[in-house]
Amino acid sequence: MENNITRKGEWAVWKVEGRIDVTTAEGVYEEGDKIVEQEEKTALDMSGIDYISSAGLRVLLRLWKKAKKQGKAFTVVGAGDAVKMVLEDSNMDTLLEARESVDEL
């Protein structure tokens, strides 16, 4: 699992690559928790994610709740077809206001 952070205007764009599943979820959460704590607006760029499990969905939900509680923004961008389908089937795409690409931030 690799990740890096760039900027797009006011947004911290956090790109994660690989899988978000039971083996990687806690590490992804810990990294995301630090980013959400430091930034007012965080966008998780999922263009490099090829699989997300229910453990990954819990990570997204926890990060979104943390940001919301602190009056901050958290969204996801660039999900590929397979990941997008999981986000849509779980209705996470509406909760997180998922966007097609970083350009929409």
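Our subject is the structure listed above.
Each chain carries its own residue numbering, running from 1 in the written order of its sequence. Where totals are concerned, whole chains, interfaces and linings use all residues; where local detail is concerned, this predicted model gives features only for residues with pLDDT of at least 70, and gives and counts side-chain atom pairs only at 80 or more. Hydrogens and water molecules were not included; the side-chain quantities draw on all heavy atoms of the structure.

Enquirer: So what about the environment of Gly-27? Which residues, and what values?
Expert: Helix and strand assignments come from DSSP, with helices taken as H or I runs of at least 4 residues and strands as E runs of at least 2, each series counted from the N terminus. Counting through the fold element by element, Gly-27 comes out in helix H1 (residues 25-38). Relative accessibility under 20% of the residue-type maximum defines a buried residue, over 50% an exposed one, and the middle range a partly exposed one, all with a 1.4 Å probe and only protein chains included. Using a relative accessible area of 44% as the deciding quantity, one classes Gly-27 as partly exposed.

Enquirer: Tell me about the nonpolar core, residues and numbers included.
Expert: Working definition of a nonpolar core: buried Ala, Val, Leu, Ile, Met, Phe, Trp, Tyr and Cys residues. They are joined through side-chain atoms within 4.5 Å. By size, the foremost hydrophobic cluster in this structure holds 26 residues, and its most contacted members are Leu-44, Met-46, Leu-60, Phe-74, Val-76 and Leu-87. When residues of this core are traced back to their parent elements, those giving at least two are strand E2 (11-20), H1, strand E3 (41-52), helix H2 (54-69), strand E4 (73-77) and helix H3 (81-89). Broken down by element, this core gets its largest block of residues, seven residues, from H2.

Enquirer: Would you mind going over H2 in detail, with residue names and values included?
Expert: How far a helix is expected to stretch is found by multiplying one less than its residue total by 1.5 Å. Across its 16 residues, H2 extends 22 Å between first and last C-alpha, which sits within 8% of the 22 Å expected from 1.5 Å per residue. Taken together, the buried positions of H2 are occupied by Ala-55, Gly-56, Leu-57, Val-59, Leu-60, Leu-63, Trp-64, Lys-66 and Ala-67. Where H2 is buried, its residues contact E2, H1, E3, E4, H3 and helix H4 (92-95). The term polar contact refers here to a pair of N or O atoms within 3.5 Å; inside protein, the definition further demands a hydrogen-donor-capable atom paired with an acceptor-capable atom, and it admits residues adjacent in sequence only when both atoms are side-chain atoms. You can read the cap of H2 off the contacts: a side-chain oxygen lies 3.2 Å from the backbone nitrogen of Ala-55, and it is on Ser-53. Looking one or two places after H2, you find Gly-71, whose phi comes out positive at around 75 degrees. By definition, residues are in contact when any of their heavy atoms lie within 4.5 Å.

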